[in-house]
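Examination of the molecular architecture
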Amino acid sequence: MTTNHSLGIAALAAATALLAAPAQAQNHPITPSQRDTATQVAQRGVPLSELAPSAPDSYTVKSGDTLWGISGLFLARPWRWPELWGMNLQDIRNPHLIYPGQQLFLHKDGDRARLSTRAPGADGLATVRVSPRVRSTSLADSALPTLSPSAIEPFLTESLVVEENALQNAPRIVATREQRVMLAKGDRAYARGSVEFPLAPVPGSQPAAFRVVRNAVPLKDPVSGEVLGYEAYYLGKAQLLQGEGTRDITDKDGKTTVEVVPASMDILVSKEDIRVGDRLLPEPPPELTRYVPHAPSGPVDGRVVSIYGSNGISNTNAAQSQVVAINKGTRDGLERGHVLTLLSDGGRLPDSTDPAKAMLKLPDETNGMLMVFRTFERVSYGLILDIQSGVKVGDRLVAPR
C-alpha cells in the first residue's frame with residue numbers, strides 16, 4: 001500500500017537514528033562556525049559557481065558512499081562541507097545521519113543553488129511504500145562516514161607517536177614459555193614494568209590491553225630538523241592476565257632471598273613476530289572514525305615529515321589513499337578534519353636566457369588534497385584524498401583557497 005507520510009524520508013531516517021543512537025550524534029559535534037555557515041547557506045543557497053561542473057540534478061546515496069565523495073559530487077571544493085549540509089539544513093540536522101537510500105535533489109534558482117531531499121515541485125510530503133508487517137531497524141551503524149573506514153582504521157590500530165624516553169620506561173617482555181625465541185597469537189609471554197609502575201591489574205576493571213611495539217623511529221621536521229616525536233613500530237596486542245610480584249624463598253640454611261615473578265600476558269594479535277625485549281604501551285581508547293572536513297580558520301604552512309610504511313626511506317613517493325605524517329599538531333591549532341592543499345616543489349634551475357645564469361625558483365604547484373585524521377602535540381597524520389603526482393618528504397601543505 002502507499003501512504004503520504006508527514007515526515008520526509010530523510011527526516012524519518014534521522015529521527016529514527018537519533019532515537020536508536022543518541023550518543024553517536026553527540027560524539028560528532030558541529031562547531032559553532034560550521035553551524036553559522038550552514039544556517040546562512042540554508043537561507044540563501046550557494047552560488048552556481050561553487051557547484052562542481054558535472055553536479056547531477058539528483059543522487060541516491062549508496063552503501064559505500066562517503067560524505068567527502070558526496071561533497072565532491074556537488075561542490076567544486078569538497079572541503080566546503082558546511083555548505084553541502086547547510087543547503088539542506090532543514091532535512092539533514094546532523095551531517096553524520098545521512099544514510100544509503102536517501103535521495104538528494106539539486107535545486108537551482110537564479111544564480112543560487114540548494115540541496116534537498118525533496119524533488120523540485122514536491123509539496124513537502126514524501127510517498128513511502130510500506131509492507132503489512134512490523135519492522136524495526138537501527139540505523140546507528142549505517143550513517144555515512146566522512147572517509148572510507150578501511151583507509152584509516154588499520155592505521156589507527158597500529159601507529160602511535162611517543163616521546164623519546166617513552167619506550168625506554170615502558171614495560172617490557174622478559175621471558176617466554178619454553179624459552180621460545182618468537183611469539184605469535186595465542187602464546188604466553190612474561191613481562192615486567194618499572195619499580196615505580198609495576199604491571200598490575202586494576203581491581204574491578206576489565207583486563208588491561210597493551211600494544212606491543214619496537215623501535216621508536218624519530219620524526220624530524222624537514223625544515224628545522226627538530227625531532228617532533230617518535231613513531232613506535234606496532235607488532236601486535238597483548239592482554240594482562242596476572243600482575244607481577246615477588247616471593248620470598250628460604251634455603252636450608254635459613255637464608256631468605258627475594259625472587260621476581262613477572263606478569264603473565266597472552267598475545268591476542270601478532271602482526272609480526274614478537275620477542276623478548278619488545279615494549280608494551282597501554283592500548284589507547286578507540287578513535288572516532290567519522291570526521292567533519294573543513295578548512296583551517298587561519299593560515300597553515302606545513303611539511304610532509306614521513307610517509308607511513310616507508311621504513312624511513314626518504315625517496316619514497318606517496319600515492320592517493322596513503323597516510324603521511326606532517327610537522328603540525330595541536331600546538332599549531334591543527335585538528336581532526338582539517339583539509340590541507342598539497343603543493344609540489346617547483347624546483348630551482350638557472351635561467352638559460354640570462355647571460356648571468358640567475359637562479360630561478362619556480363612556483364610551488366597544487367598537487368592534491370589531504371585530510372588530517374589524527375593529531376598529536378607536534379605531529380599529525382593525514383590521508384591523501386586527491387593527487388596528481390607522488391607526494392614526497394618535504395612537500396608543503398597550506399590551507400585551501
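Note that the structure is a prediction, hence the values are computed from the model and not measured.

1. Some thoughts on the packing of aromatic side chains
Taken as a whole and assessed by the stated rule, the structure comprises 1 aromatic pair. With centroids separated by 6.3 Å and ring planes inclined at 80°, the aromatic side chains of Phe376 and Tyr381 adopt a geometry described as edge-to-face. Taken as a pair, Phe376 and Tyr381 share a single burial class, namely buried.

2. Focus on helix α4 (residues 67–74)
In an α-helix there are 3.6 residues to a turn, and that puts residues three or four apart on one side. All of the buried residues in α4 are Leu67, Trp68, Ile70, Ser71 and Phe74. Around the axis of α4, the buried residues are gathered within 165° of arc, so they sit on the same side.

3. Topic: the environment of Gly45
Relative to the elements of secondary structure, Gly45 occurs in the loop between α3 (32–44) and β2 (46–47). Spatially, the C-alpha atom of Gly45 lies 8.2 Å from that of Leu115, the residues being 70 residues apart in sequence. If sequence neighbours within four positions are ignored, Gly45 has contacts with Arg112, Ala113 and Arg114.

4. Section: the pairing of strand β18 (residues 339–344)
The buried fraction of β18 amounts to 6 of the 6 residues, a majority that puts the element mostly inside the structure. Burial along β18 is two-sided: Val339, Thr341 and Leu343 and Leu340, Leu342 and Ser344, pointing in opposite directions, are all buried. As judged from the 6 bridges shared by β18 and strand β21 (residues 365–375), these two strands associate in the antiparallel manner. Across the sheet, Leu340 pairs through a bridge with Leu370, a residue of β21.

5. Comments concerning the pairing of strand β17 (residues 323–326)
The two faces of β17 match: Val323 and Ala325 on one face and Val324 and Ile326 on the other face are all buried. Summarising the sheet, strand β16 (residues 301–307) and β17 pair through 3 bridges and their orientation is antiparallel. When the sheet's bridge partners are listed, Ile307 is paired in β17 with Val324.

6. Let's talk about the side chain of Asp278
Looking at the secondary structure, you find Asp278 in the loop between β14 (263–270) and β15 (279–282). A relative accessible area of 3% means that Asp278 is categorised as buried. Among the polar contacts made by the side chain of Asp278, one reaches the side chain of Arg214 at a distance of 2.7 Å. Within the structure, the side chain of Asp278 is placed 2.8 Å from the backbone nitrogen of Arg275, a separation counted as a polar contact. Every residue in contact with Asp278, bar those within four places of it in the chain, is listed here: Pro171, Arg172, Ile173, Val212, Val213, Arg214 and Leu235.

7. Digging into the pattern of salt bridges
Where charged atoms from two side chains of opposite charge come close, those side chains can pair. Under the defined criterion, the tally for this structure stands at 17 salt bridges. Notably, a salt bridge pairs Arg180 with Asp187, separated by 2.7 Å at the nearest N-O pair. Arg214 is paired through a salt bridge with Asp278; the nearest N and O atoms lie 2.7 Å apart. Remark: Asp278 occurs in the loop between β14 and β15 and Arg214 occurs in strand β10 (residues 209–220); sequence separation between them is 64 residues. Note on accessibility: Arg214 and Asp278 belong to one class, buried. Each of Glu163, Glu226, Arg331, Asp332 and Arg378 takes part in a single network of salt bridges with overlapping partners.

8. So, unusual backbone geometry
The phi dihedral of Glu178 is positive, around 60°, even though this residue is not glycine. Mapping Glu178 onto the fold places it in the loop between β8 (172–176) and β9 (188–192). Judged by its relative accessible area of 65%, Glu178 is exposed. One non-glycine residue, Lys357, adopts positive backbone phi at about 55°. Position of Lys357 relative to the elements: it lies in the loop between β19 (348–350) and β20 (359–361). Residue classification places Lys357 among the partly exposed positions, given a relative accessible area of 46%.

9. Comments concerning the sheet that holds strand β3 (residues 58–60)
With respect to topology, 4 strands assemble into an open sheet ordered β2-β5-β4-β3, the strand pairing being antiparallel. Both edges of this open sheet fall to β2 and β3, since each of them pairs with a single strand only. Where β3 lies against strand β4 (residues 103–109), 3 bridges are found, and the strand directions are antiparallel. In the sheet register, Thr60 faces β4, and the bridge partner there is Gln103.

10. Quick word on the sheet that holds β21
The 6 strands lie next to each other as β16-β17-β22-β21-β18-β23, forming a closed barrel whose pairing is antiparallel. Averaged over all neighbouring strand pairs, the angle between strand axes comes to 45°, with direction disregarded. Summarising the sheet, β17 and strand β22 (residues 380–387) pair through 4 bridges and their orientation is antiparallel. Along β22, the bridge assignment pairs Val324 with Gly382.

11. Some words on the nonpolar core
With 30 residues, the main nonpolar core has Leu147, Leu281, Phe373, Val379, Tyr381 and Leu383 as its most contacted residues. Beyond its immediate stretch of four places on either side in the chain, Phe373 contacts Ile152, Phe155, Leu156, Tyr291, Val323, Arg336, Tyr381, Gly382 and Leu383.

12. What to know about the confidence of the model for the chain
If pLDDT is low for a region, its predicted coordinates should not be looked at in detail. Averaged over all residues, the pLDDT of the chain is 78; the fraction at 70 or higher stands at 76%. Below pLDDT 50 for its whole length, residues 127–131 participates in 11 contacts with residues either more than four positions away or in separate chains. Below pLDDT 50 for its whole length, residues 133–140 participates in 9 contacts with residues either more than four positions away or in separate chains.

Calculation rules
- Every chain's residues receive numbers from 1 upward, in the order its sequence appears when written.
- For a predicted model such as this one, the threshold for reporting local features is a pLDDT of at least 70, and the threshold for listing and counting side-chain atom pairs is 80 or more; totals across whole chains, interfaces and linings nevertheless cover every residue.
- For side-chain calculations, the full set of non-hydrogen atoms in the structure is used, while hydrogens and water are omitted.
- Each Phe, Tyr or Trp ring, with Trp reduced to its six-membered ring, pairs with another whose centre is within 6.5 Å; inter-plane angles below 30 degrees give stacked pairs, above 60 give edge-to-face pairs, and intermediate values give tilted ones.
- Exposure categories follow from relative accessible area, calculated using a 1.4 Å probe and restricted to protein chains: below 20% of the type maximum is buried, above 50% is exposed, and the middle band is partly exposed.
- Helix and strand labels come from DSSP, where a helix needs a run of H or I of at least four residues and a strand needs a run of E of at least two; each type is numbered from the N terminus.
- To obtain the arc, one takes the directions from the helix axis to the C-beta atoms.
- A contact between two residues is defined here by any heavy atoms of the two lying within 4.5 Å.
- Any two strands with at least two DSSP-identified bridges between them are counted as paired.
- Here a polar contact means two N or O atoms within 3.5 Å. Within protein one must be a hydrogen donor candidate and the other an acceptor candidate, and residues neighboring in sequence count only if both atoms are side-chain atoms.
- Any carboxyl oxygen of Asp or Glu within 4 Å of a side-chain nitrogen of Lys or Arg constitutes a salt bridge here.
- To get an axis, fit a line to the C-alpha atoms, keeping to the stretch in contact for a helix; angles then go from 0 to 180 degrees between the N-to-C directions.
- Side-chain atoms within 4.5 Å are what join buried Ala, Val, Leu, Ile, Met, Phe, Trp, Tyr and Cys residues into a set we call a nonpolar core.
- The quantity called pLDDT is the predictor's confidence in a given residue, expressed from 0 to 100.

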